[in-house]
Amino acid sequence: MRIGELSERTGTPRRLLRYYEEQGLILPDRCANGYRSYDERLVDRVLQIRGLLDAGLPTRIIKQILPCLDKPRVIHFSDATAEMIATLVNERDRMTQRIECLTRNRDAISEYLDAVLSNNTAR
């Protein structure tokens, strides 16, 4: 697929897709005319990258852990620096806190909706 289709399917601007390529996060093929050709599997890969970026991970860390997200998993320990491990531990803990906060907020909204809906049906 061409860059425009990948952009539409992932909700990612073309400029960001080119940036992901520059950073080595995605590797499109090149057609004879020089156009980028994106494999179907890159749709999920771009969505993974966006999710990791949204979670606060920098692209340099994402590049290192992307192979761990593939199936079958290919894990390379040779380049796992102490800094990278500390960053991942911190990000994991931050994500856990966000998940807990989101869960509490979701539960509060659900309770509110339950109360409102049961009150409306009682009328």
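Residues numbered from 1 in each chain as written. Predicted model: local features only at pLDDT ≥ 70, side-chain atom pairs only at ≥ 80, totals over all residues. Heavy atoms only, no water.

Caption draft 1: Expanded view of the overall build of the protein. Counting secondary structure elements, the protein contains 5 helices and 2 strands. Compactness check: the protein gives a C-alpha radius of gyration of 20 Å against a globular reference of 14 Å for 123 residues, more than 25% above the reference. Dimensions of the protein, computed from the C-alpha atoms along their principal axes, are close to 70 × 40 × 25 Å. Burial analysis of the protein (123 residues in total) assigns 24% to the buried set. In the protein, the share of contacts with a sequence separation of at least 24, taken over all contacts with a separation of at least 6, comes to 49%. For the protein, the exposed surface amounts to about 8,800 Å²; the carbon and sulfur share of it is 53%. The protein carries 20 positive and 18 negative side-chain charges, and their two centres are separated by 3 Å. (Helix = DSSP H or I, 4+ residues; strand = E, 2+ residues; numbered from the N terminus. Rg over C-alpha atoms; globule rule 2.2 N^0.38 Å. Buried < 20%, exposed > 50% of the residue type's maximum accessible area, 1.4 Å probe, protein only. Contact = heavy atoms within 4.5 Å. Areas by Shrake-Rupley, 256 points an atom, 1.4 Å probe, with all protein chains shown as cover. Lys, Arg positive; Asp, Glu negative; His and termini not counted. Charge placed at Lys NZ, Arg CZ, Asp CG, Glu CD.)

Caption draft 2: Expanded view of the pattern of salt bridges. One pass over the structure, following the stated rule, counts 9 salt bridges. Across the pair Arg9 and Glu40 runs a salt bridge, and its minimum N-O distance is 2.5 Å. Of the two residues, Arg9 sits in helix 1 (residues 3–10) while Glu40 sits in the loop between strand 2 (36–37) and helix 3 (41–54), which places them 31 residues apart along the sequence. A residue is classified by how much of its surface remains accessible, and Glu40, at 46% relative accessible area, is partly exposed. (Salt bridge = Lys/Arg side-chain N within 4 Å of Asp/Glu carboxyl O.)

Caption draft 3: Structural context of helix 4 (residues 59–69). Listed as buried for helix 4 are Thr59, Ile61, Ile62, Ile65 and Leu66. Buried residues of helix 4 fall within an arc of 140° about the axis and therefore sit on the same side. (Arc of directions from axis to C-beta.)

Caption draft 4: Expanded view of the packing of helix 3 against helix 4. Packing of helix 3 against helix 4 brings their axes to within 11 Å, and their N-to-C directions diverge by 135°. By the criterion of interaxial angle, the relationship of helix 3 to helix 4 is oblique. The crossing of helix 3 and helix 4 is right-handed. Note on element contacts: helix 4 touches helix 3 through Thr59, Ile62, Ile65, Leu66 and Leu69, opposite Arg45, Gln48, Ile49, Leu52 and Leu53. Its residues placed into classes, the contact of helix 3 with helix 4 shows 7 nonpolar, 2 polar and 1 charged. (Axes fitted to C-alpha atoms, helices over the stretch in contact; angles between N-to-C directions. Parallel < 35°, antiparallel > 145°, perpendicular 65-115°, else oblique. Left-handed = near helix turned anticlockwise from the far one by under 90°. Nonpolar A, V, L, I, M, F, W, Y, C, P; charged D, E, K, R; others polar.)

Caption draft 5: Structural context of the UniProt feature "domain: HTH merR-type" (unreviewed entry) in the protein. As recorded in UniProt, the sites labelled "domain: HTH merR-type" (unreviewed entry) are residues 1–68. Taken as a whole, residues 1–68 contains 60% helix and 6% strand, while its terminal C-alpha atoms sit 25 Å from one another. (UniProt positions renumbered as here; feature names shortened; annotations may be inferred.)

Caption draft 6: A look at the nonpolar core. The biggest cluster of nonpolar side chains holds 19 residues, and the ones touching the most others in it are Leu6, Leu17, Tyr20, Ile26, Tyr38, Ile49 and Ile62. Those elements that provide at least two residues to this core are helix 1, helix 2 (14–22), helix 3 and helix 4. The greatest single-element share of this core, amounting to 5 residues, is contributed by helix 3. Not counting residues up to four positions away in its chain, the partners in contact with Ile49 are Tyr20, Leu25, Ile26, Ile62 and Leu66. (Core = buried A, V, L, I, M, F, W, Y, C linked by side-chain atoms within 4.5 Å.)

Caption draft 7: Main features of the environment of Pro13. For Pro13, the location among the structural elements is in the loop between helix 1 and helix 2. The exposure class assigned to Pro13 is partly exposed, which follows from its relative accessible area of 39%. Here the alpha-carbon distance between Pro13 and Gly24, two residues 11 residues apart in the chain, equals 17 Å. The contact partners of Pro13, leaving out residues within four places of it in the chain, are Ser7 and Arg50.

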